[in-house]
Amino acid sequence: MTASDIQPTEPHIPPTPHADTRLVDRTKLSKMYQHYVEVKDKYPHALLLYRVGDFFETFFQDAVTVARELELVLTSKHGGEVGRVAMTGVPHHAWERYTTQLVEKGYAVVICDQVEDASEAVGLVRREVTRILTPGTLLEEGMLKSSRNNYLAAVVITSNHWGLAYADISTGEFLTTQDSDLERLTQELMRLQPSEVLVPTNAPDLGTLLRPGETSPHLPECLPPSFCYSLRSQQPFSQAEARSTLLQRFKVRSLEGLGCDHLPLAVRAAGGLLEYVEDTQKAGQVSLQRLRTYTITDYLIVDNQTRRNLEITQTVRDGTFHGSLLWALDKTSTAMGSRALRRWLLQPLLDIKGINSRQDTIQELVTNTRLRQDLRHLLRQIYDLERLTGRASSGTANARDLVALADSLSRLPELANLVIDAHSPFLKALQKVPPILEELAQKIHAHLVESPPLHLKEGGLIRPGVNPLLDERKATVEADHQWIANLEVDERARTGIPLLKVGFNETFGYYISISRAKADQVPANYIRKQTLKNEERYITPELKEREARILTARDDLHKLEYEVFVTLREEVGEQAEAIRHLSRAVAAADVLCGLAELAVYQGYCRPEMVHGREIAIIDGRHPVVEQSLPAGFFVPNSTQLGSGEETHQLPDLIILTGPNASGKSCYLRQVGLIQLMAQIGSFVPAKSARLGVCDRIFTRVGAVDDLATGQSTFMVEMNETANILNHATSRSLVLLDEIGRGTATFDGLSIAWAVAEYIATDIRSRTIFATHYHELNELAGMLPNVANYQVTVKELPDQIIFLHQVQPGGADKSYGIEAGRLAGLPTVVIQRAKQVMGQIEKHSKIAMGLQNLD
Ligand SMILES: Nc1ncnc2c1ncn2[C@@H]1O[C@H](COP(=O)(O)OP(=O)(O)OP(=O)(O)O)[C@@H](O)[C@H]1O
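- Under an unreviewed UniProt entry, the name given to the protein chain is DNA mismatch repair protein MutS, and the source organism is Nostoc parmelioides FACHB-3921.
- As stated in UniProt under Function (unreviewed entry), the record for the protein chain gives "This protein is involved in the repair of mismatches in DNA. It is possible that it carries out the mismatch recognition step. This protein has a weak ATPase activity."
- Taken verbatim from the UniProt record of the protein chain, the Sequence similarities (unreviewed entry) comment is "Belongs to the DNA mismatch repair MutS family."

Pasting the structure below:
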């Protein structure tokens, strides 16, 4: 069964005892749970979505808020229930308890944070729950976070080129690119983390779904095994068919209109992907935005190692968002902004003009406090326009979605008004709201009641006065209801039974209910239908006749209401392109507004971006570590790197030494993060900065076994180092922490020496090399573009104080033994270690003959 086979159907069916639990993975669940515990402070209105099983009834009997009407039953296209989803807003204090119980019971807990209201959550589930039930994709990227994109990708690879297209069905984002470097394809897939990748093939196992980790002989090496690959028929990926799919769908005469006329593989990937999406969309309508083409080399590639080592979206320690760069920088007010920030961080710019225009906007918002605060206040009132529009154009939006969309659209003129005098590019983009969108918002508000019911078929969506026929039918239904109300009053008077009631249920329709004690007063025309413990239920021919009329009239009314609603929804769908255009502008302004807020409160400066190779940071700070320390505790440090025509005195390679725990890694990462932040257009944690744009940031940090691929610490280290040496250029920034530590001392030192020398003389990339091999300090005396720096400590008779200050010069001691003492190694071991060290140091220099190296 595939995602497209599964469809959420209408709710309100009681849970069955055998919900499908085959996809539950406890390890991943507990990881998700931990993640949520981390973010719950940030998103107090988080919603918890989970699949319902036999314990549902008992578990929630005493639960606080159970939104039973939000329960969805999932059935396969071929009929039959395959699972259920329910959701509830869980109060902050109770989260941990409920989630723990759910996880312990083996249920899939899916976190849905930053959801504005229940209707948005329902929309999310409706659109994305299919992924939860798709084998192989469950929970890998399973958090239904609206602050995260959910991509479907397609790749076409030939002997010397590749094309990649990707789409997020819920926001409509649709992009394609082409390049020749296979390593870039791997990195691009790692950036996108698609939940499924389509690959065309001639192989007999067409349509086979490969789960993460499974490999197929048909899959080339550049496709990372951690994704789910779907092998598809070649046909839709052929040049002719892909071209015609795109031309037809986007109503353009030539591919020039989509910017991909010279990119045959990008066209093939995009055409194949579009065909697949159109084929599998439930509503038969595709809500993808107009295809955009991008060039991969226009962006700084943040490879997988660097993303991990710099902890851009999650920490290395436990893979959580809390403590990552994204966590430290995300001060956005909307889910769209949050997603955009994530995208920017994973795809920083190379173009100085683009960087400057983002900086200009931040500058304006930093200076104009009032504007910044008003803007943030207004942005908080804007819902996820991208996703709401996606739902409207794919025909899955409900009435609450449209009301939320209209509420948000009607904020846009206010937003435009607010930035009327702004002069920076990203604020100016908000100044014009097409009148058609204002009219659309007014129309939605005029058509739909303020709080429509969740389910379209329940009726009660449309305001009076919108459609005369509808009003007529409403009047008939109301008259019928009045007739029923009158009947109750009349029958009480006629029978003399004061507690006689007219009721309704789905099985019997309308009935007259009388307590059993009064059964002897029942008139002759009553026909008994049902006997309950204390109650008899009757019908009369007249009541049944009226009931038939009422039900038909109500059905007709609901049908007509639904038709009026669908027409309105289609009108919204027609404006999707215009809404999305503005949503992108809102998202970008939101990111920049958040970054401006951060710049003000954390004291960031505007970096000067230059074309040369200089990296000059005065009093730089680590953006995350400084936020975790009390104010003023972080020790700022400067960096000067990058020899060039004007900066010939600056080093290209810094050898950084210092005791354990002195702050070497922190300093190294700080430089990488400042460069990365600058290239997304952000201000940076420093007193001042002058930064030459980098084409790539490479990092090699720490020693971790890669158990999944069975590689040893040393092999992982060597693979990563080889990758850097093979791809770094003179415009790259390379951050190396402890190379050669995973093997015998002399082997390690020799490798570290040779690597440093190669980088300084052959590649000449700007590099910081943190090491405990003090011997590497000798290089500075031999090569003009190498400098030694050390992180200082103050030595007292029985302790060392970490000053965390980076200064010129090489450290001659590691204080490793001192660290061991602090950690509690027995005194006798410490003393013996000191003795041994003295002897080793004496002999090692002689053995290495470092003095004679040239
Ligand atoms: N500039 C700084 N100001 C304040 N505290 C700092 C600074 N740099 C680092 N620290 C603190 O020192 C701790 C150790 O830093 P770090 O891990 O960078 O040391 P290290 O020199 O790389 O150690 P090792 O050689 O053992 O890997 C950090 O967790 C941080 O809390």
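Text resumes after the structure shown.
### Quick look at the overall build of the protein chain
Right, on to step 1. When you go through the protein chain residue by residue, the secondary structure sums to 27 helices and 26 strands.
Right, on to step 2. In the protein chain, which comprises 854 residues, the proportion classed as buried is 55%.
Right, on to step 3. By sequence separation, contacts in the protein chain at least 24 residues apart represent 72% of the contacts at least 6 residues apart.
Right, on to step 4. Taken as a whole, the protein chain presents about 36900 Å² of accessible surface, with 51% of it coming from carbon and sulfur.

### A few points about the site of the ligand
Right, on to step 1. Neighbouring residues of the ligand: 15 residues in total, closest V635, A661, K664, S665 and C666.
Right, on to step 2. Backbone polar atom of S662 to an oxygen atom of the ligand: 3.2 Å apart, as the coordinates give it.
Right, on to step 3. Here an oxygen atom of the ligand and a backbone polar atom of G663 are 3.0 Å apart.
Right, on to step 4. Taking 640 Å² as the accessible area of the ligand by itself, protein coverage stands at 72%.
Right, on to step 5. Top element by residues in the shell around the ligand is helix α22 (residues 664–679). It accounts for 3 residues.
Right, on to step 6. Residue composition of the shell around the ligand, by class: 7 nonpolar, 7 polar and 1 charged.

### As for a nonpolar patch on the surface
Right, on to step 1. A cluster of nonpolar side chains, contributed by L825, V828 and V829, occupies part of the molecular surface with about 270 Å² of accessible area.
Right, on to step 2. Within the secondary structure, V829 is located in helix α27 (residues 827–848).

### With respect to unusual backbone geometry
Right, on to step 1. A positive phi angle, close to 50°, is found at Q193, a residue other than glycine.
Right, on to step 2. Mapped onto the fold, Q193 is located in the loop between α5 (182–192) and β9 (196–201).
Right, on to step 3. Since its relative accessible area comes to 26%, Q193 is described here as partly exposed.

### Regarding the packing of helix α13 (residues 385–393) against helix α14 (residues 399–409)
Right, on to step 1. Interaxial distance between α13 and α14 falls to 10 Å at its minimum, and their mutual angle equals 135°. Classified by the angle between their axes, α13 and α14 sit oblique to one another. Every pair of crossing elements has a handedness; the one defined by α13 and α14 is left-handed. Across the interface between the two elements, L385, L388, T389, R391 and A392 from α13 touch D401, L402, A404, L405, S408 and L409 from α14.
Right, on to step 2. Here the contact of α13 with α14 is composed, by residue class, of 7 nonpolar, 2 polar and 2 charged.

### Considerations on the side chain of E311
Right, on to step 1. Turning to its location among the elements, E311 is positioned in the loop between α8 (304–309) and α9 (325–329).
Right, on to step 2. Apart from residues lying up to four places away in sequence, E311 is in contact with T306, V316, R317, S324 and L325.

### A word on the confidence of the model for the protein chain
Right, on to step 1. A residue-level look at the protein chain finds 75% of positions with pLDDT of 70 or above and a mean pLDDT of 78.
Right, on to step 2. Contacts of residues 113–118 to residues separated by more than four positions or lying in other chains number 23 contacts, the stretch itself having pLDDT below 50.
Right, on to step 3. Per-residue pLDDT stays below 50 along residues 203–208; that stretch engages in 11 contacts with residues further than four places along the chain or on separate chains.

### Looking at the environment of I654
Right, on to step 1. Assignment of secondary structure puts I654 in strand β20 (residues 653–657).
Right, on to step 2. Along the chain, I654 and N788 lie 134 residues apart, while their C-alpha atoms are 5.6 Å from each other.

### Observations regarding the pairing of strand β24 (residues 766–770)
Right, on to step 1. With 5 of 5 residues buried, β24 lies mostly within the body of the structure.
Right, on to step 2. In terms of strand pairing, β20 meets β24 through 4 bridges, oriented parallel. Of the residues in β24, the one forming a bridge with I654 is I768.
Right, on to step 3. Where strand β23 (residues 733–737) and β24 come together, 5 bridges link them in parallel fashion. By the bridge assignment for β24, L733 is matched with R766.

### A look at the packing of helix α17 (residues 435–447) against helix α19 (residues 541–574)
Right, on to step 1. With their axes 11 Å apart at the nearest point, α17 and α19 run at an angle of 165° to one another. Viewed along their axes, α17 and α19 adopt a mutual orientation that is roughly antiparallel. Relative to α19, the crossing made by α17 is left-handed. In this structure, α17 uses L440, K443, I444 and H447 to contact α19, whose residues at the interface are V564, L568, E571 and V572.
Right, on to step 2. In terms of residue class, the contact of α17 with α19 is built from 5 nonpolar, 1 polar and 2 charged.

### Points about the sheet that holds strand β19 (residues 637–641)
Right, on to step 1. Within the open sheet, the 4 strands sit side by side as β17-β21-β18-β19. Their pairing is mixed. A single partner strand is all that each edge strand has here, and the edge strands are β17 (608–610) and β19. Geometrically, the sheet is characterised by an average inter-axis angle of 15° between neighbouring strands, direction not taken into account.
Right, on to step 2. For strand β18 (residues 615–620) and strand β21 (residues 688–692), the ladder comprises 4 bridges, and the chain directions are antiparallel. Across the sheet, residue A616 finds its bridge partner in β21, namely R690.

### Quick word on the sheet that holds strand β26 (residues 799–808)
Right, on to step 1. The 6 strands lie next to each other as β22-β23-β24-β20-β25-β26, forming an open sheet whose pairing is mixed. On the outer flanks of this sheet lie β22 (697–700) and β26, each paired with one strand and no other. When the angles between neighbouring strand axes are averaged without regard to direction, this sheet yields 15°.
Right, on to step 2. In this structure, β20 lies alongside strand β25 (residues 786–796), joined through 5 bridges in parallel fashion. In the strand pairing of β25, T657 is matched with Q790.
Right, on to step 3. Each of β20, β22, β23, β24, β25 and β26 touches α22; the most contacted strand, β23, lies at about 160° to it.

### Concerning the UniProt feature "binding site: ATP" (unreviewed entry) in the protein chain
Right, on to step 1. UniProt records the feature "binding site: ATP" (unreviewed entry) for G658, P659, N660, A661, S662, G663, K664 and S665 in the present numbering.
Right, on to step 2. Structurally, N660 can be placed in the loop between β20 and α22.
Right, on to step 3. On the secondary structure map, S665 appears in helix α22.
Right, on to step 4. Classification of S665 by relative accessible area gives partly exposed; the value is 28%.

Scoring rules and cut-offs
Residues numbered from 1 in each chain as written. Predicted model: local features only at pLDDT ≥ 70, side-chain atom pairs only at ≥ 80, totals over all residues. Heavy atoms only, no water. UniProt positions renumbered as here; feature names shortened; annotations may be inferred. Helix = DSSP H or I, 4+ residues; strand = E, 2+ residues; numbered from the N terminus. Buried < 20%, exposed > 50% of the residue type's maximum accessible area, 1.4 Å probe, protein only. Contact = heavy atoms within 4.5 Å. Areas by Shrake-Rupley, 256 points an atom, 1.4 Å probe, with all protein chains shown as cover. Near = heavy atom within 4 Å. Polar contact = N/O pair within 3.5 Å; in protein donor to acceptor, adjacent residues only side chain to side chain. Nonpolar A, V, L, I, M, F, W, Y, C, P; charged D, E, K, R; others polar. Patch = residues over 30% accessible without salt bridge, like charges linked within 9 Å, V, L, I, M, F, W, Y side chains within 5 Å. Salt bridge = Lys/Arg side-chain N within 4 Å of Asp/Glu carboxyl O. Axes fitted to C-alpha atoms, helices over the stretch in contact; angles between N-to-C directions. Parallel < 35°, antiparallel > 145°, perpendicular 65-115°, else oblique. Left-handed = near helix turned anticlockwise from the far one by under 90°. pLDDT = per-residue confidence, 0-100. Pairing = 2+ DSSP bridges.

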